[in-house]
Amino acid sequence: MSLALEELTEKLRLLSSKGNKSLVDVMLQTVSDLKKSSVTSDELRSASMLVDDETLKTKLNETTLISDTFDALVSQSYIDPMDDLTRLNDILLKNNVLRDYTIIFDGFSGFTMQQLKVVRSLIRDCTATYFTLTLDPLTDGSEEVFATSQQTYKILKEYAKRDGVDIKAPIKLTDLHRFKNDNLALLEQNIFRPHIEPLEIAPENICVYNAVDMYDECEYVAGKIKHLVIEKGYLYSDISVICHDTEPYRGVLSEILEKYEIPYFSDEHADIDVKPVIRLVNSIFRCLIYDFDREDVLALLKSGLTEFSVEEISLFENYLFVWNVSGSAFKNKFVQNPKGYSDRFSDYDTKVENLRESVIEPLLLFKENAKDKNGLEISKLFYALLEELKVPDALRRMYAEFERSYDKSVGAEQIRVWNMFMAVLDKTAAVIGTKTMTVKRYYELLSLQINAMQLSDIPRTIDCVTITTAQRVRISKQKASFLIGCVDGIFPAIPHTSGIFSPFELKMLAMNEIELGDDFAAYNNLETFMAYSCMTSASEFLSVSFYSSDITGTTYQPSEIVLQCKKVFKNIIAYDKFDFDGKKESMYALRPAFDTVADMIGKGKKVPESLLGIFAQNPEYSAKLDSLINAKDKVPFKIFDKKNAEKLFGKNLNISASQLEKFNLCRFSYFCNYGLFGKDKEQKSTPCSTERLFIIYLNAFSANILRKSIYRLKKINSKKLSVHILRNMQLNISVKNSLSQIHSHTA
């Protein structure tokens with residue numbers, strides 16, 4: 001798409017891509033909507049001749065031009081997966097290959113126009129076709145909650161009539177077998193209905209929770225899950241956590257579930273950018289484009305896919321900090337000492353230059369060779385670069401290490417990502433072909449392909465909680481469902497457009513028989529139906545929760561899901577954190593239990609001895625518990641083992657006045673500085689440090705004079721002084737340059 005927009009820059013007036021990076025995503029979504037709706041370029045051109053609005057007319061013409069160019073570029077290299085269903089329907093129209101088959105559609109509430117064409121071919125050709133739709137068998141189907149399914153039912157019957165296919169009488173399933181208690185059965189019978197008669201009973205199996213924020217909400221969910229498993233005998237696989245979108249909960253829900261030792265499977269795409277292979281690729285191109293920024297170079301080395309050890313990379317990073325290396329300085333040899341100003345070099349110190357030469361030089365050579373090359377040639381050069389950096393070998397070592405560890409799936413995931421990237425590299429080379437471009441432009445196109453990569457996983461254990469979204473929820477065997485994030489405007493979501501056409505423009509197109517996706521009314525009906533499906537997904541227990549604010553202080557209101565629960569059961573109570581015994585639920589796992597103990601100790605409350613004994617005997621928590629008790633009792637920091645004190649500070653202590661003062665001010669600071677020698681590293685290229693260097697060598701020279709008594713200071717000028725220091729101390733060439741610079745600055 002980026003190439004298509006680039007080629008049409010001079011021809012586009014309204015949809016020009018200059019300075020508008022987000023247009024690529026918008027146009028991809030628009031093209032996807034066109035194909036899902038089975039709208040052709042010819043239909044768009046015809047519609048543009050019928051509308052009077054000049055802006056819409058221009059949008060239609062330019063969208064047609066972009067779509068045709070995009071399809072032409074894609075067709076040169078590979079098959080667009082968005083056209084799979086269209087090609088399938090073409091095959092079905094030409095070959096009646098499924099004429100002796102019976103096909104059953106289950107779990108669908110609606111179809112796109114592209115899908116409906118395939119469905120119509122199957123209805124016409126197959127021996128029998130069955131559809132299961134969620135409708136109320138006791139009504140006429142006019143309820144808003146089932147509007148999506150009712151519309152699908154009408155379309156299917158119309159197709160069957162047009163093609164002369166016999167329609168059997170619908171089978172209505174009136175017996176309710178799913179729900180194990182009256183609370184959930186009554187909820188299903190009344191939610192989102194036009195006339196609701198509030199019930200007096202207080203439901204025991206439906207809970208509404210008003211959380212302070214997302215963290216409080218996730219803490220409640222985790223504690224309740226542990227309660228169901230431990231107290232009620234549930235399996236983790238009996239439980240689902242459902243939200244409208246998992247992105248806001250990323251890093252929050254998973255962390256708290258792990259804190260409570262709850263196994264889970266998140267039905268979402270993983271973040272591809274954090275995977276080692278992709279981090280390496282991005283870091284390489286960023287080094288070339290941004291002239292070897294220090295952070296990009298270190299990100300490349302720390303990807304785990306180089307041949308260097310952690311010690312070598314740490315020494316290299318130390319050198320970069322000490323000598324303040326960044327940018328073009330990477331292109332020069334590293335001849336300084338990693339320890340700073342010192343004339344003593346070890347064999348280990350020379351590894352810094354070896355590492356620089358092994359990594360930076362191949363990158364510079366790739367950048368030089370890639371000049372004025374086309375996409376195919378750059379792709380070949382980049383793969384050769386990966387081989388020269390020995391990335392495949394490092395990947396095999398990483399895989400072998402994970403194979404020997406407890407988590408073998410992580411190693412297999414790295415191989416998957418590598419294979420996916422190789423496919424992306426092939427596709428990029430095929431799409432760009434012989435078009436000449438810069439490395440920067442090549443990376444822009446490659447990164448678009450990388451961002452389109454989708455990496456998902458399968459459950460790693462049979463017994464685990466499922467985290468899913470409203471769009472992907474499937475009614476199966478779950479006994480308990482936790483609906484989280486039931487906030488107004490979020491779950492259910494407010495209808496919105498994602499393409500280039502506004503809601504008004506979509507209505508104008510619909511008047512000209514161009515249906516691009518669902519209109520706002522249909523979208524709202526779909527959201528309502530998804531909310532209904534989520535609320536009726538559990539057979540025994542339902543929890544509905546919403547948060548009142550976020551970390552920015554923005555306040556939120558409960559959504560229609562919460563309000564529907566209150567409309568059906570007028571005596572239902574919306575609980576908050578003060579209505580639950582947090583201490584009891586925190587005892588279901590070690591980490592939350594220890595947090596509770598720490599809170600009680602901090603507030604001066606008495607902690608049961610049995611609970612203290614559990615953590616005192618646990619190797620992971622015993623030292624932490626001692627630290628908490630010492631802090632409460634204001635016990636000064638001290639080292640109890642004399643042998644450890646001798647190892648840290650030696651037997652004979654030579655303590656200066658400043659050290660004694662630091663000890664009295666903060667014993668822990670003294671321990672860090674003089675026991676662990678944890679001092680801040682000092683850069684050696686600042687004016688302050690060079691001035692200090694001159695003073696150090698001047699003092700050394702003065703001491704030499706006192707020992708030998710052969711020079712008179714008053715007879716030696718500053719230039720001879722510098723020369724004598726260099727000769728006496730036998731300094732390396734880097735220090736000579738530093739002193740020469742000092743002399744020139746002070747002359």
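On to the packing of aromatic side chains. Summed over all chains, the structure comprises 24 aromatic pairs. Each ring, one from Phe-285 and one from Tyr-443, has its centre 4.9 Å from the other, and the planes form 15°; the classification is stacked. One end of the pair, Phe-285, is in helix H11 (residues 276–289); the other, Tyr-443, is in helix H18 (residues 439–451), and 158 residues separate them in sequence. Judged on exposure class, the residue Phe-285 and its partner Tyr-443 are both buried. Among the aromatic side chains, those forming a connected cluster through ring pairs are Phe-285, Phe-366, Phe-382, Phe-421, Tyr-442 and Tyr-443. The ring of Phe-334 has Arg-356 sitting right over it, with the charged end atom 5.8 Å from the ring centre. Here the basic side chain of Lys-479 rests over the ring of Tyr-234, its NZ or CZ set 5.9 Å away from the ring centre.

So, on to empty space enclosed by the protein. Under the criterion given, the structure shown has one cavity of 30 Å³ or more. Considering only enclosed or pocket space, the largest cavity measures out at about 30 Å³ in volume. If you trace the largest cavity, you find it lined by Thr-306, Glu-307, Phe-308, Ser-358, Val-359 and Leu-389. Of the residues that constitute the lining of the largest cavity, the class distribution is three nonpolar, two polar and one charged.

Turning our eyes to something else, we now look at a nonpolar patch on the surface. Where nonpolar side chains cluster on the molecular surface, the patch consists of Phe-637, Ile-639 and Phe-668 and spans about 260 Å² of accessible area. Here Ile-639 is to be found in the loop between helix H25 (622–632) and helix H26 (642–649). Assessed through its relative accessible area of 30%, Ile-639 is described here as partly exposed.

Our next topic: the side chain of Thr-596. Checked against the element boundaries, Thr-596 lands in helix H23 (residues 590–602). Overall, the relative accessible area of 13% leaves Thr-596 in the buried class. Within the structure, the side chain of Thr-596 is placed 2.7 Å from the side chain of Ser-586, a separation counted as a polar contact. If near-sequence neighbours (up to four positions away) are discounted, Thr-596 is found in contact with Lys-583, Ser-586 and Met-587.

What follows is about the sheet that holds strand E3 (residues 206–211). One open sheet holds the seven strands; their spatial order is E5-E8-E4-E9-E10-E3-E11, and the pairing between them is parallel. Strands at the two margins of the open sheet, each flanked by one partner only, are strand E5 (264–266) and strand E11 (574–575). Packing of helix H9 (residues 214–232) onto the sheet brings it into contact with E3, strand E4 (239–243), strand E8 (465–469), strand E9 (480–483) and strand E10 (541–547), and relative to E10 it is tilted by some 165°.

Within this structure, the stated rule accounts for 34 salt bridges. The partner of Glu-353 in a salt bridge is Arg-356, and the shortest N-O contact between them spans 3.0 Å. Residue Glu-353 and its partner Arg-356 are located together in helix H14 (residues 351–369), separated by three residues, close to a single helical turn. Overall, Glu-353 belongs to the buried group, its relative accessible area being 12%. Residue classification places Arg-356 among the buried positions, given a relative accessible area of 2%. Bridged by salt links that share partners, the residues Arg-120, Arg-124, Asp-125 and Asp-163 form one connected network.

This brings us to helix H15 (residues 375–388). Across its 14 residues, H15 extends 20 Å between first and last C-alpha, which sits within 8% of the 20 Å expected from 1.5 Å per residue. Two residues or fewer past H15, Lys-390 is found with a positive phi of approximately 60°.

Quick look at unusual backbone geometry now. In this model, Phe-491 is joined to Pro-492 through a cis peptide bond whose omega is 5°. Relative to the helices and strands, Pro-492 resides in the loop between E9 and helix H19 (503–511). At Asp-372, a residue that is not glycine, the phi angle is positive and equals roughly 60°. Position of Asp-372 relative to the elements: it lies in the loop between H14 and strand E6 (373–374). Exposure remark for Asp-372: the relative accessible area of 71% places this residue in the exposed category.

Before going further, it helps to examine H11. Here H11 is 14 residues long and its end C-alpha atoms lie 20 Å apart, about the 20 Å a rise of 1.5 Å per residue gives. The buried count for H11 comes to 11 of 14 residues, which makes it a mostly enclosed element. In this structure, the buried residues of H11 make contact with helix H12 (294–301), H14, H15, helix H16 (391–404), helix H17 (408–432) and H18. Positive phi shows up at Asp-291, right after H11, with a value of about 55°.

Okay, the packing of H12 against H14 next. Relative to each other, H12 and H14 sit at 110°, their axes nearing to 12 Å. Judged by the inter-axis angle, H12 sits roughly perpendicular to H14. Contacts between H12 and H14 involve Val-297, Leu-300 and Leu-301 on the former and, on the latter, Leu-355, Val-359, Ile-360 and Leu-363. For the contact of H12 with H14, the residue count by class is seven nonpolar, no polar and no charged.

It is at 10 Å that the axes of helix H6 (residues 113–125) and helix H7 (residues 147–162) come closest, and there the two elements cross at 45°. Taken together, H6 and H7 sit at an angle that is classed as oblique. As H6 runs across H7, the sense of the crossing is right-handed. Residues Met-113, Leu-116, Val-119, Arg-120 and Ile-123 of H6 touch H7, and the partners they reach there are Ile-155, Leu-156, Tyr-159, Ala-160 and Arg-162. Tallied by class, residues from the contact of H6 with H7 come to eight nonpolar, no polar and two charged.

What counts and what doesn't
- Residues numbered from 1 in each chain as written.
- Predicted model: local features only at pLDDT ≥ 70, side-chain atom pairs only at ≥ 80, totals over all residues.
- Heavy atoms only, no water.
- Phe/Tyr/Trp six-rings, centres within 6.5 Å; stacked < 30°, edge-to-face > 60°.
- Helix = DSSP H or I, 4+ residues; strand = E, 2+ residues; numbered from the N terminus.
- Buried < 20%, exposed > 50% of the residue type's maximum accessible area, 1.4 Å probe, protein only.
- Lys NZ or Arg CZ within 6 Å of the ring centre and 35° of its normal.
- 1 Å grid on protein atoms, 1.4 Å probe; cavity = no way out; pocket = protein on both sides within 12 Å on 5 of 7 lines; lining within 4 Å.
- Points joined across faces, edges and corners; volume = space filled by probe spheres on them.
- Nonpolar A, V, L, I, M, F, W, Y, C, P; charged D, E, K, R; others polar.
- Patch = residues over 30% accessible without salt bridge, like charges linked within 9 Å, V, L, I, M, F, W, Y side chains within 5 Å.
- Areas by Shrake-Rupley, 256 points an atom, 1.4 Å probe, with all protein chains shown as cover.
- Salt bridge = Lys/Arg side-chain N within 4 Å of Asp/Glu carboxyl O.
- Polar contact = N/O pair within 3.5 Å; in protein donor to acceptor, adjacent residues only side chain to side chain.
- Contact = heavy atoms within 4.5 Å.
- Pairing = 2+ DSSP bridges.
- Axes fitted to C-alpha atoms, helices over the stretch in contact; angles between N-to-C directions.
- Expected span 1.5 Å × (residues − 1).
- Parallel < 35°, antiparallel > 145°, perpendicular 65-115°, else oblique.
- Left-handed = near helix turned anticlockwise from the far one by under 90°.

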